[in-house]
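Commentary on secondary and tertiary structure
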Amino acid sequence: MSRFNLIDEKWIPVRFLDGTRDELGIRDTLLRSKEIAAIEDPSPLVVAALHRFLLAVLYRALEGPTDIDQAKVLFKAGLPREKITAYLEKWRDRFWLFDEKHPFYQVLAYEPQENNAKKEWKSWPAIAAEHNASNAKVLFDHVEIATAGPIPSRMAARWLIACQTFALGGGNSDFAYTKSAPSATGAMALPLGVHLHDTLLLSLVPENREVLKGDLPIWEREPVPLASLKKGIARSAMGVADLYTWLTRSIKFHFAGNGETLSELAFASGVACSSENRVDPMFGYEIDVKWGKRPIPFRDRGLWRDFDSLLPDESHLAPEVIEHATALTRSNRHRFPRSVIVLGQANSKAKIDYWRMECFALPEKMAGDRFIRTEIRQLLTEAEDAEKVFEKSLRTAAKHIIAKGERELQADKWSKGQWTPGDVSKFIGKSTSETVPVALANYWSTLESKFHEILREYTLGRDYEDIRCLWLKSVRDTLKTAWEQHRASVSVGDAWAIRALVKAEGPVFRKLKELKTEIVKLEPQKEVA
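For the structure given in this document, a descriptive report is provided here. Residue positions are counted from 1 within each chain, in the order its sequence is given. Totals for whole chains, interfaces and linings use all residues, but because this is a predicted model, local features are given only for residues with pLDDT of at least 70 and pairs of side-chain atoms are given and counted only at 80 or more. Only heavy atoms go into the side-chain values, all of them from the structure, while hydrogens and water stay out.

Structural notes on the overall build of the chain
What counts here: Secondary structure is summarised from DSSP: a helix means a run of H or I of at least four residues, a strand means a run of E of at least two, and numbering begins at the N terminus for each. With the radius of gyration taken over C-alpha atoms, the globule rule is written as 2.2 Å times the number of residues to the power 0.38. Should any heavy atoms of two residues lie within 4.5 Å, those residues are counted as being in contact. For the area figures, the Shrake-Rupley method with a 1.4 Å probe applies, and any residue is considered shielded solely by the protein chains shown. In this count, Lys and Arg are taken as positive residues and Asp and Glu as negative ones, while His and the chain termini are left out. A single reference atom marks each charge: NZ on Lys, CZ on Arg, CG on Asp, CD on Glu.
Broken down by element type, the chain carries 17 helices and 21 strands. For the chain, the C-alpha radius of gyration of 27 Å lies close to 24 Å, the compact-globule estimate for 529 residues. Here the C-alpha coordinates of the chain stretch approximately 80 × 65 × 45 Å along the principal axes. Considering only intrachain contacts with a sequence separation of at least 6, the fraction spanning at least 24 residues in the chain is 69%. Surface summary for the chain: the accessible area is close to 25100 Å², and the carbon and sulfur share equals 51%. For the chain, the distance from the average position of its 76 positive side-chain charges to the average position of its 73 negative side-chain charges is 3 Å.

Some thoughts on the pairing of strand β12 (residues 249–253)
Rules: In this scheme, a residue with accessible area under 20% of its type's maximum is buried, one over 50% is exposed, and one in between is partly exposed, where area comes from a 1.4 Å probe on protein chains only. Each pair of strands is called paired provided DSSP finds at least two bridges between the two strands.
In terms of burial, β12 is a largely internal element, five of the five residues being buried. Side-chain alternation along β12 places Arg249, Ile251 and Phe253 on one buried face and Ser250 and Lys252 on a second face that is also buried. As judged from the five bridges shared by β12 and strand β14 (residues 264–269), these two strands associate in the antiparallel manner. Bridge pairing links Ile251 to Phe267 in β14.

Things to note about helix α17 (residues 506–522)
The periodicity of an α-helix, 3.6 residues per turn, causes residues three or four places apart in sequence to face the same way. Rule in force here: How far a helix is expected to stretch is found by multiplying one less than its residue total by 1.5 Å. Here the arc refers to the directions that run from the helix axis out to each C-beta atom.
Spanning 17 residues, α17 covers 25 Å between terminal C-alpha atoms, matching the ideal 24 Å at 1.5 Å per step. Those residues of α17 lying buried are Pro507, Val508, Lys511, Leu512, Leu515, Ile519 and Leu522. In an axial view of α17, the angular spread of the buried residues amounts to 135°, which keeps them on one side of the axis. Those residues of α17 that are exposed and aimed more than 90 degrees away from the buried face are Arg510, Lys513, Lys516 and Lys521. Residues of α17 that are buried make contact with α12 (373–403), α15 (464–491) and α16 (495–504).

Focus: the nonpolar core
One recurring pattern in soluble globular proteins is that nonpolar side chains are buried together. Under the convention used in this document: Grouping buried Ala, Val, Leu, Ile, Met, Phe, Trp, Tyr and Cys residues that are joined through side-chain atoms within 4.5 Å yields what is termed a nonpolar core.
Ranked by internal contacts, the top residues of the largest apolar core, which has 161 residues, are Trp11, Ile26, Phe53, Trp219, Phe253 and Tyr443. For this core, the element with the most residues is helix α2 (residues 44–62), which contributes 15 residues. Beyond its immediate chain neighbours, meaning those up to four positions away, Tyr443 contacts Ala383, Ala386, Glu387, Phe390, Val475, Thr478, Leu479 and Ala482.

Examining the packing of α15 against α16
Put simply, the rule reads: Here, axes are lines fitted to C-alpha atoms. For helices the fit covers the stretch in contact, and angles between N-to-C directions go from 0 to 180 degrees. In what follows, roughly perpendicular refers to angles from 65 to 115 degrees, roughly parallel to angles under 35, roughly antiparallel to angles over 145, and oblique to any angle outside these ranges. In this scheme the crossing of two helices becomes right-handed for a clockwise turn of the near helix relative to the far one and left-handed for an anticlockwise turn of less than a right angle. Charged residues are taken to be Asp, Glu, Lys and Arg, nonpolar residues to be Ala, Val, Leu, Ile, Met, Phe, Trp, Tyr, Cys and Pro, and polar residues to be all remaining types, Gly included.
Interaxial distance between α15 and α16 falls to 9 Å at its minimum, and their mutual angle equals 155°. Classified by the interaxial angle, the pair formed by α15 and α16 is roughly antiparallel. Considering how the two elements wind past one another, α15 and α16 form a crossing that is right-handed. Counting all contacts with α15, which are made through Trp483, His486, Arg487, Val490 and Ser491, the residues of α16 involved are Ala497, Ile498, Leu501, Val502 and Ala504. Its residues placed into classes, the contact of α15 with α16 shows seven nonpolar, two polar and one charged.

Some thoughts on the state of the cysteines
Selection criterion: Throughout, a disulfide means two cysteine sulfur atoms within 2.5 Å of one another.
The full count for this structure, using the stated rule, is zero disulfides. We note that Cys163 lacks a disulfide partner, and the nearest cysteine sulfur, in Cys273, lies 16 Å from it.

So, the packing of aromatic side chains
Rule in force here: Aromatic pairing here means that ring centres of Phe, Tyr or Trp (its six-membered ring) are within 6.5 Å. Orientation follows from the plane angle: under 30 degrees is stacked, over 60 is edge-to-face, and everything else is tilted. Charge-over-ring placement is defined geometrically: NZ (Lys) or CZ (Arg) within 6 Å of the ring centre, and within 35 degrees of the ring normal.
If you walk through the whole model with that rule in mind, you get 19 aromatic pairs. Between Phe451 and Trp471, the aromatic rings sit 5.9 Å apart at their centres with planes inclined by 75°, giving edge-to-face as the arrangement. Of this pair, Phe451 sits in helix α14 (residues 438–457) while Trp471 is found in helix α15, placing the two residues 20 residues apart along the sequence. On the basis of relative accessible area, Trp471 is assigned to the buried category, the value being 0%. In this structure, Arg335 is placed above the aromatic ring of Phe75, and the distance from its NZ or CZ to the ring centre is 3.6 Å.

Quick notes on the sheet that holds strand β8 (residues 122–123)
One open sheet accounts for three strands, arranged β8-β14-β12; its pairing is antiparallel. Two strands close off the open sheet at either side, each with one partner strand: β8 and β12. Along the sheet face, helix α6 (residues 153–166) touches β12 and β14 and points at about 170° away from the line of β12.

A closer look at the layout of surface pockets
Threshold: Detection works on a 1 Å grid of protein atoms alone, calling trapped sets that fit a 1.4 Å probe cavities and calling open sets with protein on both sides within 12 Å along at least five of seven lines pockets, with lining residues defined by an atom within 4 Å of a point. Grid points are joined across faces, edges and corners, and a volume is the space filled by probe spheres set on the points.
A volume near 1600 Å³ is recorded for the largest pocket. Of all the elements in the fold, those that place two or more residues in the lining of the largest pocket are β15 (272–273), β16 (285–288), β17 (292–295), β18 (339–348), β19 (351–361), α12 and α14. Considered class by class, the residues forming the lining of the largest pocket number 20 nonpolar, 10 polar and 17 charged.

Some details on the pattern of salt bridges
Which entries qualify depends on this criterion: When a carboxyl oxygen of Asp or Glu is within 4 Å of a side-chain nitrogen of Lys or Arg, the pair counts as a salt bridge.
Under the criterion given, the structure shown has 38 salt bridges. Glu382 serves as the salt-bridge partner of Arg468, at 2.7 Å between the closest nitrogen and oxygen. A residue pair is termed long-range when its members are at least 10 positions apart, and Arg468 in helix α15 and Glu382 in helix α12 qualify at 86 residues. The structure contains a network of salt bridges with shared partners spanning Glu286, Asp288, Arg294, Arg299, Arg301 and Asp306.

Some thoughts on unusual backbone geometry
Excluding glycine, residues mostly have negative phi values, and the peptide bonds linking residues are mostly trans. Following Gly64, the chain continues to Pro65 via a peptide bond in cis, the omega torsion being 5°. Here Pro65 is to be found in the loop between α2 and α3 (68–77). The backbone of Glu63 sits at a positive phi, close to 55°, despite the residue not being glycine. Structurally, Glu63 is set in the loop between α2 and α3. The exposed category is assigned to Glu63, whose relative accessible area is 58%. Although it is not a glycine, Tyr105 sits at a positive phi angle of roughly 60°.

These figures capture arrangement, not role.
Structure below.
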């Protein structure tokens, strides 16, 4: 019954350097990686999961790297075809999507519960975040869960890996209460090389030799006993390959026909990860006063405003893949990753709010010998300071407009962890604690494009003071334009509103003057003839 072997079958979607697209098996994806520009799929979750899966294969096939010197040798010589081919042949029987002994990434002994003497198989969208109505139904997604029909096995394989990588906990199942995947809620960074070959090697962070021995991916492990899964098993991650192929859910595909398609599956809790302090090489981290060290998540405000968290410094809170990529290319700067993609999802408990993929230029200056994380943080802080002044003026104007003399205004309130907007917040469009008023959203939206331009200015020969001067000009111009747009939208010939705006605009004008003064200091002084 062995059907659809992931080593040979076409299922990994790739874009070649010449722009053409195809799907390849594991072997061809790795052996032809210098011909491939990128792995591309409509789902950011699939893209992230496939990279992690291929990295797990490489860790085991190459038995390393175990230190930076070995990584540099590998980076120079390239991926060894013989080792990869031999490894895949050794474990070929574990890569069958449908199999009577070891179905890939599944629990063979799992049979779904019966209802009225009939097994309750679930429809395939149970593993597809973009189509799973019980978790996060998407606008314009027309997949009807009850009658979803079959999907090609190549798509099922991609969703299987993505589900195991990003599944969120918070519900009952045939076995135990479901837990989130250890990698479910962080923003994953992936530095991009000139082709897939370099992209993979840039993220192949060295692993301790002794750790590597016991770092087994899912296909090298013996099946978890069904009784343990039903009780709710938990264990620690043994290494990166183990972490990248975690059995978050117990899944079994229902074989029907010739194995070319999938319609139904069994779906329950898997193995919980008890490694609370385990560092994921693709995550950047922050120190929270209450929770300690935790992964940087996607926030509504856009990850670019936390871009400094992706950059290495002495704190070693940046993603290890970026630290590794920087170290690997320091003496080989033409292969320095020019960009980084950040992928993942944001959630509210067990519900997905959104999934996202953002791309940033990696400052060329990172290839030098000094850190620039503090500099980037300073630029972002200057933009945030201007925003605070802007919001203060927005609130002052709103207060004068709606109070109209002696009217008492309702203040914002926090009660039992719930935020209730007051009159001023409602007026400026802040309906929840996370909502960004339109005027502020326009401010940040304009600055985002300017920030991407600034990143491209960070070349090895460029002085930081010049870059900061350019950024302050962008902040000044954006703040000025945003206030003018707000003023025009509110006044509309209303005398009361005009008076309110005049009373409120003082802080904005003072900030503009402050920015101008700082810009003059940074600009080169013209020589007097």
